[in-house]
Amino acid sequence: EDKFIPAFASSDIKVYPYQVSAALFAVRSPYNKGVVLMDESGLGKSTEAMLVVTQKWYEGKTRILIVVPNTDLLVQWEKLIENKYSIPYIVMQNAECIMQNLQELDGIVLTTFDFASHYSDMFRGIIWDVTVFEEASLLASGYRDETSRGATLKRIAEGSFKVLLTGTPIEKNILDLYGLMYFIDESILPSEQEYMAKYFRKPENYPELAKLVGKYCFRTLRKQAKRCAFI
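Report follows, based on the coordinates. (Residues numbered from 1 in each chain as written. Predicted model: local features only at pLDDT ≥ 70, side-chain atom pairs only at ≥ 80, totals over all residues. Heavy atoms only, no water.)

## A closer look at the overall build of the chain
The number of helices and strands found in the chain is twelve helices and seven strands. The buried share of the chain, taken over its 231 residues, is 51%. Split by element, the accessible area of the chain, about 11500 Å² in all, is 50% carbon and sulfur. (Helix = DSSP H or I, 4+ residues; strand = E, 2+ residues; numbered from the N terminus. Buried < 20%, exposed > 50% of the residue type's maximum accessible area, 1.4 Å probe, protein only. Areas by Shrake-Rupley, 256 points an atom, 1.4 Å probe, with all protein chains shown as cover.)

Right under this line is the structure:
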């Protein structure tokens, strides 16, 4: 798609049509506060997210935060950005010069859930343009407890365009989905009590719920991706 020409021109990536579709879905409106990309595992959600990040970067949104659950994923993301993209970045996993690096930032900050939570006051001191959260389902219960890690990271991301990545948007029940929507924008759905009363084990109301969250969620199943990739 023409919209992503800067992303393709400034990177060394191979993308599939479904990944472009997901990225286009994410950036289709300047008024949305975020999106959930929830393809099955192994379909390249990180590539979809980086298409969005690169597009936002070329639109002048240059303060970008990518937060992942653990060090292993941190290394994977660092390799992806280093080897495939030309956007400047910094990996932040120790306290040395943290404030100076944040204030002078013009690019991607890559860090972990724990580090960002521990230094939340410093991270909240930055007005982020874009925030990306890997395995976002781990943050879905943040609406229940203002002191939780999910709630802390939500406060850091306040005001940014949020990209939530998860292969499991619903692990236990539909409250998991509620938590993801709440993380993006508290006004998308009614209160937790109203939501549960209207949708929990009420399949007749699922089409209505799907319409509400469908503006924010993009999902590709493996067989769809395979078919799409060979068009």
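## So, the sheet that holds strand β5 (residues 130-133)
Strand order in the open sheet formed by seven strands is β3-β4-β2-β5-β6-β1-β7, with parallel pairing between adjacent strands. Both outer strands of the open sheet, β3 (89-91) and β7 (217-218), are each paired with one neighbouring strand and no more. (Pairing = 2+ DSSP bridges.)

## Let's talk about helix α4 (residues 71-84)
Note on helix geometry: an α-helix contains 3.6 residues per turn, so any two residues three or four positions apart are oriented the same way. Under the 1.5 Å per step criterion, the end-to-end length of α4 is 20 Å for 14 residues, consistent within 8% with the ideal 20 Å. Within α4 the residues assigned to the buried category are Leu 73, Leu 74, Trp 77, Leu 80 and Ile 81. Across the axial projection of α4, the buried residues extend over an arc of 125 degrees, all falling on one side. Seen from the open side of α4, the exposed residues pointing more than 90 degrees away from its buried face are Asp 72, Lys 79 and Asn 83. Sitting at the head of α4, Asn 70 places a side-chain oxygen 3.3 Å from the backbone nitrogen of Asp 72. (Expected span 1.5 Å × (residues − 1). Arc of directions from axis to C-beta. Polar contact = N/O pair within 3.5 Å; in protein donor to acceptor, adjacent residues only side chain to side chain.)

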